[in-house]
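# Per-entry structural report
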Amino acid sequence: MAIEAWFMDESDEDPRLPHHRNPKELVPLDHLAELGVLYWRLNPKDYENDQQLRNIRETRGYNYMDLLDICPEKLENYEEKLKNFYTEHIHADEEIRYCLEGSGYFDVRDKNDRWIRIWIKAGDLIILPAGIYHRFTLDTSNYVKLMRLFMGEPVWISYNRPQEDHPARKEAEARVVSKPLQKFQGSSAKTQNKIRAMVATEKDPREEVIQAWYMDDSDEDQRLPHHREPKEFVSLDQLTELGVLSWRLDADNYETDEGLKKIREERGYSYMDFCEVSPEKLPNYEEKIKSFFEEHLHTDEEIRYTVAGSGYFDVRDRNEHWIRVWLKKGGLIVLPAGIYHRFTLDTDNYIKAMRLFVGDPVWTPFNRPHDHLPARQEYVKAFVHKETGDHAVDAAA
């Protein structure tokens, strides 16, 4: 599963608690990458023979390694050291930690000095760049086993805040504000392009109206969120790699919205109508909602713009896992021709969606299996078998 991160609340409760805000504000991996935090998902059960770990070490020059167990029973002067770890500080060099067992929290400051909590578990390797303000603590499991990596002889000197005049801190600020890619030598070109494209904004505004996550296998009410445990969120970049495009628009002014007008003109959406889905508004509601939730594909794009309410579009990833896409007011998505998908309401039981079409409206579902259709074969070629390259910042498990 992917690493998880979120903005922290201001509570003074036990630092080992999650400290989610209410409502929760999750942070995508691309946002961490903008701050210089890199991430890999590795195999902790075979770290001694792991070729991917070996490649990372060789590429980035990590020639020294040791292991550290952090728990009351295994760490001398445990209380004092844990207190030091949790004091806000920087280092003059990168901090590289690979979680082999257990779990814990690394907290980092964002561009606006807000705390982001990063929950690392077995298999997660993260790199905190030199000069970033951060701290560490265990979670309520009270145990983590970490591999520490260094360039040359190990050095772990912390400089407690404030350290604004420290050269490493000045370099960190310059890197985030004006040179976001300066120290991403270990990232693929594709990852760097993603970071470059997103660095102009602190948070992608689409995330407020479009969220996505991997679904569990429960047969409970389809209108429930169906998160996995623990939750596994999917970034909008991952959706893009599956061909799913998305925008955030002004739903209160869709008739005069220049953003919507531009999308329609550029993509040739010449026809538009509205569909209200609710028990009160949709004739033959039960039959239609059942048909919407049958896994199917279309031979053309499916374009839906939520102008009121909300609902779920579920799509298959390359490995046949269901991803649930929660579309709320202001969110517009385009599902590519040939992608297997389905739709349902959420527990609010209402959505008003604008439907867009190229030419005359056609809504013909082909229930699975329809792998022989040209639209499906073209989709598989374009997105399922597409080379994705190496991701230093990997949002998939």
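This one's a predicted model, so the numbers in the text were calculated from it and none came from an experiment.

What follows concerns the pattern of salt bridges. The final tally for this structure, using the stated rule, is 32 salt bridges. Put simply, Arg114 and Asp110 hold a salt bridge, and the shortest N to O gap is 2.9 Å. Given the relative accessible area of 6%, Asp110 is considered buried. Residue Glu301 is joined to Arg267 by a salt bridge in which the shortest nitrogen-to-oxygen separation is 2.7 Å. With Glu301 in the loop between β14 (296–297) and β15 (302–316) and Arg267 in helix α7 (residues 258–267), this pair connects stretches of sequence that are 34 residues apart. What makes Arg267 partly exposed here is its relative accessible area of 29%.

A word on the nonpolar core. Ranked by size, the top nonpolar core spans 28 residues in total, and within it Leu32, Ile70, Ile116, Ile118 and Ile120 carry the most contacts. Setting aside its immediate chain neighbours within four residues, Ile120 contacts Ile3, Cys99, Gly102, Ser103, Gly104, Phe106, Ile126 and Leu146. Counting residues in each nonpolar core, the second largest holds 27 residues, with Val209, Val325, Ile333 and Phe343 among its members.

Our focus in this paragraph is the UniProt feature "binding site: Ni(2+)" (unreviewed entry) in the protein chain. Under the UniProt annotation, "binding site: Ni(2+)" (unreviewed entry) lies at His89, His91, Glu95, His134, His296, His298, Glu302 and His341. Not counting residues up to four positions away in its chain, the partners in contact with His89 are Asn84, Glu95, Ile132, Tyr133, His134, Arg135, Trp156, Ser158, Tyr159, Asn160 and Arg161. Within the structure, the side chain of His89 is placed 2.6 Å from the backbone oxygen of Thr87, a separation counted as a polar contact. Examined against the element boundaries, His134 turns out to sit in strand β8 (residues 134–138). A residue is classified by how much of its surface remains accessible, and His134, at 2% relative accessible area, is buried. The residues contacting His134, other than those within four sequence positions of it, are Thr87, Glu88, His89, Ile90, His91, Glu95, Asp107, Val108, Trp115 and Leu128.

Attention now moves to the packing of aromatic side chains. The tally for this structure, following the rule as stated, stands at 15 aromatic pairs. Taking the centre distance of 6.2 Å and the plane angle of 70° together, the rings of Phe85 and Phe136 count as edge-to-face. In this pair, Phe85 is assigned in helix α3 (residues 78–85) and Phe136 in strand β8, connecting sequence segments 51 residues apart. Like Phe85, the residue Phe136 is buried in the burial classification.

Of all residues in the protein chain, 89% have pLDDT values of 70 or greater, and the mean over the chain is 87. Low pLDDT, under 50, characterises residues 178–202; the predicted model gives this stretch 51 contacts beyond four residues in sequence or across chains. Here residues 387–397 scores under 50 on pLDDT; set against residues more than four positions off or in separate chains, the count is 35 contacts.

Counting through the fold element by element, Asp124 comes out in strand β7 (residues 124–128). At 2.9 Å, the side chain of Asp124 forms a polar contact with the side chain of Tyr39.

Criteria and thresholds
Residues numbered from 1 in each chain as written. Predicted model: local features only at pLDDT ≥ 70, side-chain atom pairs only at ≥ 80, totals over all residues. Heavy atoms only, no water. Salt bridge = Lys/Arg side-chain N within 4 Å of Asp/Glu carboxyl O. Buried < 20%, exposed > 50% of the residue type's maximum accessible area, 1.4 Å probe, protein only. Helix = DSSP H or I, 4+ residues; strand = E, 2+ residues; numbered from the N terminus. Core = buried A, V, L, I, M, F, W, Y, C linked by side-chain atoms within 4.5 Å. Contact = heavy atoms within 4.5 Å. UniProt positions renumbered as here; feature names shortened; annotations may be inferred. Polar contact = N/O pair within 3.5 Å; in protein donor to acceptor, adjacent residues only side chain to side chain. Phe/Tyr/Trp six-rings, centres within 6.5 Å; stacked < 30°, edge-to-face > 60°. pLDDT = per-residue confidence, 0-100.

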